[in-house]
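Chains, contacts and geometry: an overview
What follows is each chain in one-letter form.
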Amino acid sequence: MTLNHSTLLLTGLLVPALVCAMPAEASVNAEMPIVTVGGSGSVSVKPDRATIRLGAWHQADTALEAQSRVNEVISKATEAIRELDIEGMMIQTSGLSLSPVYNYQRDKEPEITGYRASITLSVRIDDIDRTGRVIDAAMKTGANQLQGVAFSLKDDSGARRDALRKAVEDARMKAETIADALGRPIYGLVEVQEQGVSVPVMQRGAESFRAMASDSAPTPVEAGEIEVSANIQITYQLSPVRR
C-alpha cells in the first residue's frame, strides 16, 4: 500500500515539530540560496494478521463426482478450522473451478478423459501464532492444496508515522551537512513533498511450509517482520550570510 503524493507546507503538523530551529518569519526570498534534499526512513514491525490460502482439488470421470468429492473435503476442512475457535477468524471461498481434462493425441481431436474440480479457501486470523494449526486442521481432513500465507498489519498508521518522522530527520541531517559545508546556516523551510509510504505484505509460499512440516509436529510458522518505509523531499532556504 502506498500513500498518494502530497505537498505539506509550513502550516503542516509533522514537519514543524521536527524542524524546530527555524525562525517563524522565514519566507521564500529569491536572493537567498535554497537546497533540496531527499530523506528516507523505515521501521520494522511484527505482523499481527495472517491470511492462509488453502483448498482441495479432485479429478474424476464425471464432473458431478469431481465436484462432490471436493465439496465434501472443503466442508470437513471448514468445520475443522472453525473448531479451533480462533477469535475474529474469517473464512471465505476465494476460488472455485470445474474444468474438463483432455487427452491430446497427434492428428486427433482432443478427447475428454475426466473432470477436475477445485475450491480454495481464504482464512484470515489475528492470532498468527495459530497459523500452523489452521493449516494442519485442513490438511488432516483431506485438503491437498496449500497456496501460502500472507502476513500483514491490522493497523499500519503508527508505523507509517514513525517511518515519515525518520525520513524527515534524515532529510534534515542531509540539509544541515550541506549547509555546514557551504558555511550558510539553514534559515527557513520552503516546501515538503511526501513521496510515498510503503507497507508491504509478507508472502510465504507453500514450499516453505512443506520443507518444515512433519507428520508428528504442528506446521511451524515464522512470520518475521514487515519493513515500513517512507520517502520525503524537503527544500530549505539557506542564509545569505556566511558564518
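Residues numbered from 1 in each chain as written. Predicted model: local features only at pLDDT ≥ 70, side-chain atom pairs only at ≥ 80, totals over all residues. Heavy atoms only, no water.

**Here we look at the nonpolar core**
Applied cut-off: Grouping buried Ala, Val, Leu, Ile, Met, Phe, Trp, Tyr and Cys residues that are joined through side-chain atoms within 4.5 Å yields what is termed a nonpolar core. With a 1.4 Å probe rolled over the protein chains alone, any residue whose accessible area is under 20% of its type maximum counts as buried; one over 50% counts as exposed, and the rest are partly exposed. The contact criterion used is simple: two residues touch if any of their non-hydrogen atoms lie within 4.5 Å.
Ranked by size, the top nonpolar core spans 55 residues in total, and within it Ile52, Ile81, Val123, Ile125, Val228, Ile234 and Tyr236 carry the most contacts. Once residues lying within four places of it in the same chain are set aside, the contact partners of isoleucine 81 are Leu54, Met89, Ile91, Val123, Val134, Ala137 and Ala138.

**Quick word on the packing of helix α2 (residues 63–82) against helix α3 (residues 131–140)**
For the record, the criterion: Note on geometry: axes are C-alpha line fits, over the in-contact stretch for helices, and angles between N-to-C directions span 0 to 180 degrees. For helices the rule is a DSSP run of H or I covering at least 4 residues; for strands it is a run of E covering at least 2, with both sets numbered from the N terminus onward. Crossings are classed by handedness, with left-handed meaning an anticlockwise turn of the near helix from the far one by less than a right angle and right-handed meaning a clockwise turn. Residues were grouped as follows: Ala, Val, Leu, Ile, Met, Phe, Trp, Tyr, Cys and Pro as nonpolar; Asp, Glu, Lys and Arg as charged; and all remaining residues, including Gly, as polar.
Viewed as axis vectors pointing N to C, α2 and α3 meet at an angle of 145°, and their least axial separation amounts to 8 Å. Our pair here, α2 against α3, has a crossing hand that is right-handed. In contact with Ala77, Ala80 and Ile81 of α2, α3 contributes Val134, Ala137 and Ala138. Residues that form the contact of α2 with α3 fall into these classes: six nonpolar, no polar and no charged.

**Regarding the packing of aromatic side chains**
Heads up, the rule is: Here the aromatic set is Phe, Tyr and Trp, taking the six-membered ring for Trp, and pairing holds for ring centres within 6.5 Å; pairs whose planes are under 30 degrees apart are stacked, those over 60 apart are edge-to-face, and all others are tilted. Should the NZ of a Lys or the CZ of an Arg lie within 6 Å of a ring centre and within 35 degrees of the ring normal, that charge is described as sitting over the ring.
Under the criterion given, the structure shown has one aromatic pair. Judged by centre distance (5.9 Å) and plane angle (40°), the rings of tyrosine 102 and tyrosine 104 are tilted. Relative accessible area serves as the criterion here: at 61%, tyrosine 104 is assigned to the exposed category. Directly above the ring of tryptophan 57 sits arginine 116, whose terminal nitrogen or CZ lies 3.9 Å from the centroid.

**Thoughts on a nonpolar patch on the surface**
How we decide: What makes a patch is a set of residues exposed beyond 30% relative accessible area and free of salt bridges, joined within 9 Å when like-charged and within 5 Å when nonpolar (Val, Leu, Ile, Met, Phe, Trp, Tyr). Exposure was quantified through the Shrake-Rupley algorithm and a 1.4 Å probe, taking into account, for residues, occlusion by the shown protein chains and nothing else. The rule for a salt bridge is simple: a side-chain nitrogen of Lys or Arg has to be within 4 Å of a carboxyl oxygen of Asp or Glu.
Taken together, the side chains of Tyr102, Tyr104 and Ile112 make up a nonpolar region of the molecular surface, amounting to roughly 340 Å² of accessible area. Relative to the helices and strands, isoleucine 112 is located in strand β5 (residues 111–125).

**A look at the pairing of β5**
For clarity, the cut-off: Here, strands pair whenever DSSP counts at least two bridges between them.
Where strand β3 (residues 49–60) meets β5, eleven bridges bridge the pair, whose relative direction is antiparallel. What sits directly across from alanine 60, in β5, is tyrosine 115. Pairing between strand β4 (residues 90–103) and β5: 13 bridges, direction antiparallel. For proline 100, the partnering residue across the bridge sits in β5 and is tyrosine 115.

**Focus on the pattern of salt bridges**
All told, the structure shown has seven salt bridges when counted by the stated rule. Its salt-bridge partner being lysine 76, residue glutamate 72 comes within 3.4 Å of it at the nearest N-O pair. Here the residue glutamate 72 and the residue lysine 76 both occupy positions in helix α2, the gap between them amounting to four residues, near one helical turn. Given a relative accessible area of 38%, glutamate 72 falls into the partly exposed group. Of the charged contacts, one joins glutamate 176 and arginine 172 as a salt bridge, the two residues approaching to 2.8 Å between their closest N and O atoms. Within this pair, glutamate 176 and its partner arginine 172 are both found in helix α4 (residues 157–182), separated by four residues, close to a single helical turn. Overall, glutamate 176 belongs to the partly exposed group, its relative accessible area being 39%. What emerges from the salt-bridge pattern is a single network uniting Arg69, Glu72 and Lys76.

**Considerations on unusual backbone geometry**
In this model, aspartate 85 sits at a positive phi of 55°, which is unusual for a non-glycine residue. Looking at the secondary structure, you find aspartate 85 in the loop between α2 and β4. The phi dihedral of aspartate 107 falls on the positive side, at around 65°, and the residue is not glycine. The topology assignment puts aspartate 107 in the loop between β4 and β5. Under the relative-accessibility criterion, aspartate 107 is labelled exposed at 78%.

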